[in-house]
Amino acid sequence: MKGGTVPTWLELLLTTQFFAICTNHLFSNRNECNLFCIDCEESKGAFCYYCRSDHHSTHRVIQIRRSSYHDVVRVAELKDVLDISDVQTYVINSATVVFLNERPQQRGCGVSAVKASSSSYNCESCNRALLDPFRFCSLGCNLKGIKEDMRTSIPTRDFIDYTRKDDDTDCSNTSGNTGNNEESCSDADYCKEKPSPPRVIRHRRKGIPQRAPFY
């Protein structure tokens, strides 16, 4: 599950309660509801062996198993329908499995806290100590991590496009202003180089001379 590609049936799988007694086959031997159909995605996700024969014989079905009171599923049943490369795997009864959901652990003290603090690898969601360099301890923690990545992701592509548009606009405006400045400078130089017309010196004309009167 990378890049936000989460199948629609995964959340239903993680919230389904398994190992209840099938109400349709109360007196049968194999009546535990430990099967899940990927193709149907029904609200009642868990069903028993007999329900599979009746309604899901041609569907993709995975079987849920128990390990220390926690639900697990074999990697062989998931590898073709789900990317679990970031989830820690465990070998239980000679089968490689992954846990469906986060397992409870003591916080701040006890063996779990010591393991988490001393481990080189920890789950990015619940901080549980991991055996190998994986990111998550279960499918549930993997789903939480993907949702968190999707929530905090920033649409950088649109941001870059808008910035580029603004830069182009600024450049065009700058070019236009530069051209106007060049024209203004050329006009100023022209005015500066154009010789000014010669200054005409005009003398004030005196009035008509008159003779002094004779007495």
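As shown above, the structure is provided for reference.
The model shown is predicted, which means the values in this text are computed figures rather than measured ones.

1. Digging into the pairing of strand β3 (residues 61–67)
Link 1 in the chain: The pairing of strand β1 (residues 35–37) with β3 spans three bridges and is classified as antiparallel. If you follow Leu35 over to β3, its bridge partner there is Gln63.
Link 2 in the chain: The pairing of β3 with strand β4 (residues 70–74) spans four bridges and is antiparallel. By the bridge assignment, Arg66 is partnered in β4 with Asp71.

2. Structural notes on the environment of Leu26
Link 1 in the chain: Within the secondary structure, Leu26 sits in the loop between α1 (10–15) and β1.
Link 2 in the chain: Under the relative-accessibility criterion, Leu26 is labelled partly exposed at 49%.
Link 3 in the chain: Beyond its immediate sequence surroundings of up to four residues, Leu26 is in contact with Ile21 and Asn31.

3. Quick notes on helix α5 (residues 139–152)
Link 1 in the chain: Between its terminal C-alpha atoms α5 stretches 20 Å, which fits the 20 Å expected from 14 residues at 1.5 Å a residue.
Link 2 in the chain: Regarding α5, the residues found buried are Leu139, Gly140, Cys141, Asn142, Leu143, Gly145 and Ile146.

4. Overview of empty space enclosed by the protein
Link 1 in the chain: Within the structure shown, the criterion is met by one cavity of 30 Å³ or more.
Link 2 in the chain: By volume, the largest cavity is sized at about 40 Å³.
Link 3 in the chain: Lining the largest cavity are Leu12, Phe36, Cys37, Cys40, Glu41, Glu42, Lys44, Gly45, Phe47 and His56.
Link 4 in the chain: In terms of residue class, the lining of the largest cavity is made up of five nonpolar, two polar and three charged.

5. Structural notes on unusual backbone geometry
Link 1 in the chain: Its identity as a non-glycine residue notwithstanding, Asn93 has a phi of 55 degrees, on the positive side.
Link 2 in the chain: Note that Asn93 resides in the loop between β5 (90–92) and β6 (95–99).
Link 3 in the chain: With a phi close to 65 degrees, Ser94 is a non-glycine residue in the positive phi region.
Link 4 in the chain: By the element assignment, Ser94 lies in the loop between β5 and β6.
Link 5 in the chain: Residue Ser94 is classed as exposed on the basis of its relative accessible area, which comes to 79%.

6. Considerations on the pattern of salt bridges
Link 1 in the chain: Inspection of every chain in the model, using the stated rule, returns nine salt bridges.
Link 2 in the chain: Across the pair Asp39 and Arg60 runs a salt bridge, and its minimum N-O distance is 2.9 Å. Placement of the pair is Asp39 in the loop between β1 and β2 (46–47) and Arg60 in the loop between α2 (49–55) and β3, with a sequence separation of 21 residues.
Link 3 in the chain: Given a relative accessible area of 36%, Asp39 falls into the partly exposed group.
Link 4 in the chain: Between Arg66 and Asp71 there is a salt bridge whose closest N-O contact spans 2.7 Å.
Link 5 in the chain: For Arg66, a relative accessible area of 45% puts it in the partly exposed group.
Link 6 in the chain: By relative accessible area, which is 16% here, Asp71 ends up buried.
Link 7 in the chain: Sharing partners across several salt bridges, the network here consists of Asp86, Glu124, Arg135 and Asp149.

7. Things to note about the pairing of β4
Link 1 in the chain: Linking two consecutive strands that pair antiparallel, namely β3 and β4, is a turn of two residues; a positive phi of about 55 degrees is found at Ser68 within it.
Link 2 in the chain: Relative to β6, β4 runs antiparallel, the two being bridged by three bridges. Its bridge partner lying in β6, Val73 is registered against Val98.

8. Concerning the environment of Arg135
Link 1 in the chain: Residue placement: Arg135 occurs in the loop between α4 (110–118) and α5.
Link 2 in the chain: When its relative accessible area of 31% is taken as the criterion, Arg135 is described as partly exposed.
Link 3 in the chain: Put simply, Arg135 and Glu124 are eleven residues apart on the chain and 5.8 Å apart in space, counted from C-alpha to C-alpha.
Link 4 in the chain: Look past the residues within four positions of Arg135 in its chain and what remains in contact with it is Asp86, Asn122, Cys123, Glu124, Leu130 and Asp149.

9. Focus on the side chain of Gln105
Link 1 in the chain: Tracing the chain through its elements places Gln105 in the loop between β6 and α4.
Link 2 in the chain: What makes Gln105 buried here is its relative accessible area of 17%.
Link 3 in the chain: Polar contacts involving the side chain of Gln105 include one to the main-chain carbonyl oxygen of Cys126, which spans 3.1 Å.

Definitions and cut-offs
Residues numbered from 1 in each chain as written. Predicted model: local features only at pLDDT ≥ 70, side-chain atom pairs only at ≥ 80, totals over all residues. Heavy atoms only, no water. Pairing = 2+ DSSP bridges. Helix = DSSP H or I, 4+ residues; strand = E, 2+ residues; numbered from the N terminus. Buried < 20%, exposed > 50% of the residue type's maximum accessible area, 1.4 Å probe, protein only. Contact = heavy atoms within 4.5 Å. Expected span 1.5 Å × (residues − 1). 1 Å grid on protein atoms, 1.4 Å probe; cavity = no way out; pocket = protein on both sides within 12 Å on 5 of 7 lines; lining within 4 Å. Points joined across faces, edges and corners; volume = space filled by probe spheres on them. Nonpolar A, V, L, I, M, F, W, Y, C, P; charged D, E, K, R; others polar. Salt bridge = Lys/Arg side-chain N within 4 Å of Asp/Glu carboxyl O. Polar contact = N/O pair within 3.5 Å; in protein donor to acceptor, adjacent residues only side chain to side chain.

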